[in-house]
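Structure assessment
Here is what each chain is made of, one letter per residue.
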Amino acid sequence: MSPVIPLSPIRPVSIGGVVLPNPVFLAPMSGITDAPFRRLAARLGAGLVVSEMTASAALVAKRPDAQLRAEGQGLRVHAVQLAGCEPRWMGEAVRLAEAAGAHAIDINMGCPARQVTGGQSGSALMRDLDHAVSLIDATVNAASVPVTLKMRLGWDDRTRNAPELARRAQGAGVALITVHGRTRCQFYQGRADWEAVRKVKHSVSIPVIVNGDVSTGTGARAALAASGADGVMVGRAARGRPWLPGQIARFLLHGRPEHPPALTTQLSIVEELYEEMLAHHGREIGRRHARKHLGWALDAAAEAAGCAATLLKAYRERVLTCDEPAAVRRHLAHAYAAFFDSQREAA
């Protein structure tokens with residue numbers, strides 16, 4: 001049995017009047033956190049899951065891809081993340097997202113991608129806080145549900161203005177703030193500066209969530225201790241591991257580390273995700289969209305089993321170069337059986 005690690009008690013986190021099950025959130029990730037992945041992560045214990053970034057103008061234009069990103073049927077709390085640079089489109093997109101069932105709206109001011117910042121959205125807004133606040137005002141004024149905000153520490157190390165933006169966002173009516181512990185110019189290089197998030201926490205009275213490099217229960221505990229935040233957000237570490245936010249939440253609650261799920265359970269999870277993605281996106285798009293998730297799932301399973309890299313490589317090639325769903329399912333089953341045999345031989 002794993003040792004119990006004494007922990008400070010974690011506090012419930014609320015968004016507006018909604019009390020969340022736990023303070024471990026799944027980050028919004030473009031091309032990753034579609035509705036099937038979010039539903040699975042929520043069922044496996046994530047306290048909140050947030051949609052992929054959805055462009056407000058595209059949602060207002062009723063583009064099918066934008067509508068699909070904002071879909072969240074079956075979620076207890078459906079949070080839609082919106083991005084944009086025009087107050088009018090942010091307000092209109094809020095109304096459409098609410099009409100489609102959103103229980104919360106998250107504003108993206110943290111995405112570092114050039115195609116986003118080049119359009120003066122995402123983390124580019126941290127270079128012009130007056131404009132950023134005009135977008136927050138438009139979003140909050142249009143919403144009848146809670147509005148949250150995701151940001152970075154600032155554009156670069158010379159302009160770490162997250163505390164100022166947080167104060168102004170709270171004044172505009174934002175209910176919760178998530179801070180990724182890097183600047184935009186860092187992208188994902190180096191280590192997230194969890195301690196810098198403490199300045200944001202001290203600047204507001206609303207909940208603050210720390211994001212960046214949270215991949216284990218002990219890492220989450222360290223991030224909370226360093227930042228003073230109310231919760232953590234798990235991003236890239238959850239790729240191929242939709243159970244991870246739930247495991248971290250249980251660790252923070254009980255102090256007992258968990259092993260990854262059994263390989264049979266992992267296979268059931270990836271099979272379910274594959275079927276859901278085919279249904280959600282349609283067969284053609286769904287096959288392409290699911291491919292990266294299958295690769296990440298195979299990586300996670302091979303790591304859990306302690307498999308040789310050559311074995312993983314062989315099965316990745318078989319699964320990821322196959323287009324026919326029935327054959328994909330067959331190759332997946334063979335891969336997990338081989339991983340199980342390898343694990344048993346090593347025991």
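Turning to the overall build of the protein chain, a few remarks are in order. For the protein chain, the helix and strand inventory stands at 14 helices and 11 strands. Overall, the protein chain is about 60 × 50 × 35 Å in size when its C-alpha atoms are taken along their principal axes. Buried positions account for 55% of the 347 residues belonging to the protein chain. Counting only contacts in the protein chain whose residues sit at least 6 apart along the sequence, the fraction spanning at least 24 positions is 69%. Total accessible area computed for the protein chain in this model is approximately 14,800 Å², and 53% of it derives from carbon and sulfur atoms.

Orientation of helix α8 (residues 194-203) relative to helix α9 (residues 217-227), taken along the N-to-C sense of each, is 50°, at an axis distance of 7 Å. Compared by their axis directions, α8 and α9 come out oblique. The way α8 lies across α9 gives a crossing that is right-handed. In contact with Trp194, Glu195, Val197, Arg198 and Lys201 of α8, α9 contributes Gly219, Ala222, Ala223, Ala225, Ala226 and Ser227. Grouping the amino acids of the contact of α8 with α9 by side-chain chemistry returns six nonpolar, two polar and three charged.

Turning our eyes to something else, we now look at the nonpolar core. Ranked by internal contacts, the top residues of the largest apolar core, which has 113 residues, are Ile136, Leu149 and Phe339. Apart from the residues lying within four places of it in its own chain, the contact partners of Ile136 are Ile107, Met109, Leu149, Leu165, Ala169, Ala172 and Val174.

Across its 12 residues, helix α13 (residues 309-320) extends 16 Å between first and last C-alpha, which sits within 8% of the 16 Å expected from 1.5 Å per residue. If you check which residues of α13 are buried, you get Leu312, Tyr315, Val319 and Leu320. Take α13 and look down its axis: the buried residues cluster within an arc of 115°, on one side only. Opposite the packed face of α13, turned more than 90 degrees from it, sit the exposed residues Thr310 and Lys313. Here the buried face of α13 lies against α12 (283-305) and α14 (325-346).

Right, let's get into the sheet that holds strand β10 (residues 208-211). Taken together, the nine strands give an open sheet; going across it, the order is β4-β3-β11-β10-β9-β8-β7-β6-β5, and neighbouring strands pair in parallel fashion. One side of each edge strand has no neighbouring strand; the edge strands of this open sheet are β4 (48-49) and β5 (54-55). Relative to strand β7 (residues 104-109), strand β6 (residues 79-83) runs parallel, the two being bridged by four bridges. Looking at the pairing, Gln81 lines up with Asp106 of β7. Taken strand by strand, helix α7 (residues 162-172) contacts β7, β8 (147-152) and β9 (176-180), and its axis lies near 170° from that of β8.

This structure, assessed with the given rule, holds two aromatic pairs. Here Tyr315 and Phe339 contribute two aromatic rings whose centre-to-centre distance is 6.2 Å and whose plane-to-plane angle is 80°, an arrangement assigned as edge-to-face. Here Phe339 lies in helix α14 and Tyr315 lies in helix α13, a separation of 24 residues in the sequence. Counting every residue linked through ring pairs, the aromatic cluster contains Tyr315, Tyr336 and Phe339. Directly above the ring of Tyr188 sits Arg152, whose terminal nitrogen or CZ lies 5.0 Å from the centroid. In this structure, Arg318 is placed above the aromatic ring of Tyr315, and the distance from its NZ or CZ to the ring centre is 4.5 Å.

Let us now look at the environment of Thr264. Positionally, Thr264 belongs in helix α11 (residues 263-281). A relative accessible area of 58% means that Thr264 is categorised as exposed. Along the sequence, Thr264 and Ala333 sit 69 residues apart, while their C-alpha atoms lie 9.4 Å from each other.

In terms of burial, β7 is largely enclosed, as six of its six residues are buried. Burial along β7 is two-sided: Ala104, Asp106 and Asn108 facing one way and Ile105, Ile107 and Met109 facing the other are all buried. The pairing of β7 with β8 spans five bridges and is parallel. Bridging across to β8, Ile107 finds its partner in Leu149.

Right, let's get into the packing of α12 against α13. The N-to-C vectors of α12 and α13 enclose an angle of 160°; their axes lie 10 Å apart at closest approach. Considering their axes alone, α12 and α13 lie roughly antiparallel with respect to each other. Our pair here, α12 against α13, has a crossing hand that is right-handed. Contacts from Arg291, Leu294, Gly295, Trp296, Leu298, Asp299 and Ala302 of α12 reach α13 at Leu312, Tyr315, Arg316, Val319 and Leu320. Here the contact of α12 with α13 is composed, by residue class, of eight nonpolar, one polar and three charged.

Attention now goes to the side chain of Asp106. Following the sequence through the fold, Asp106 ends up in strand β7. The charged side chain of Asp106 is buried without a salt bridge, its nearest counter-charge being Lys150 at 7.0 Å. Within the local environment of Asp106, its side chain forms a polar contact with the side chain of Thr148, the two groups lying 2.6 Å apart. There is a polar contact of 3.4 Å between the side chain of Asp106 and the backbone nitrogen of Leu149.

Definitions and limits used
Residues numbered from 1 in each chain as written. Predicted model: local features only at pLDDT ≥ 70, side-chain atom pairs only at ≥ 80, totals over all residues. Heavy atoms only, no water. Helix = DSSP H or I, 4+ residues; strand = E, 2+ residues; numbered from the N terminus. Buried < 20%, exposed > 50% of the residue type's maximum accessible area, 1.4 Å probe, protein only. Contact = heavy atoms within 4.5 Å. Areas by Shrake-Rupley, 256 points an atom, 1.4 Å probe, with all protein chains shown as cover. Axes fitted to C-alpha atoms, helices over the stretch in contact; angles between N-to-C directions. Parallel < 35°, antiparallel > 145°, perpendicular 65-115°, else oblique. Left-handed = near helix turned anticlockwise from the far one by under 90°. Nonpolar A, V, L, I, M, F, W, Y, C, P; charged D, E, K, R; others polar. Core = buried A, V, L, I, M, F, W, Y, C linked by side-chain atoms within 4.5 Å. Expected span 1.5 Å × (residues − 1). Arc of directions from axis to C-beta. Pairing = 2+ DSSP bridges. Phe/Tyr/Trp six-rings, centres within 6.5 Å; stacked < 30°, edge-to-face > 60°. Lys NZ or Arg CZ within 6 Å of the ring centre and 35° of its normal. Lys, Arg positive; Asp, Glu negative; His and termini not counted. Salt bridge = Lys/Arg side-chain N within 4 Å of Asp/Glu carboxyl O. Polar contact = N/O pair within 3.5 Å; in protein donor to acceptor, adjacent residues only side chain to side chain.

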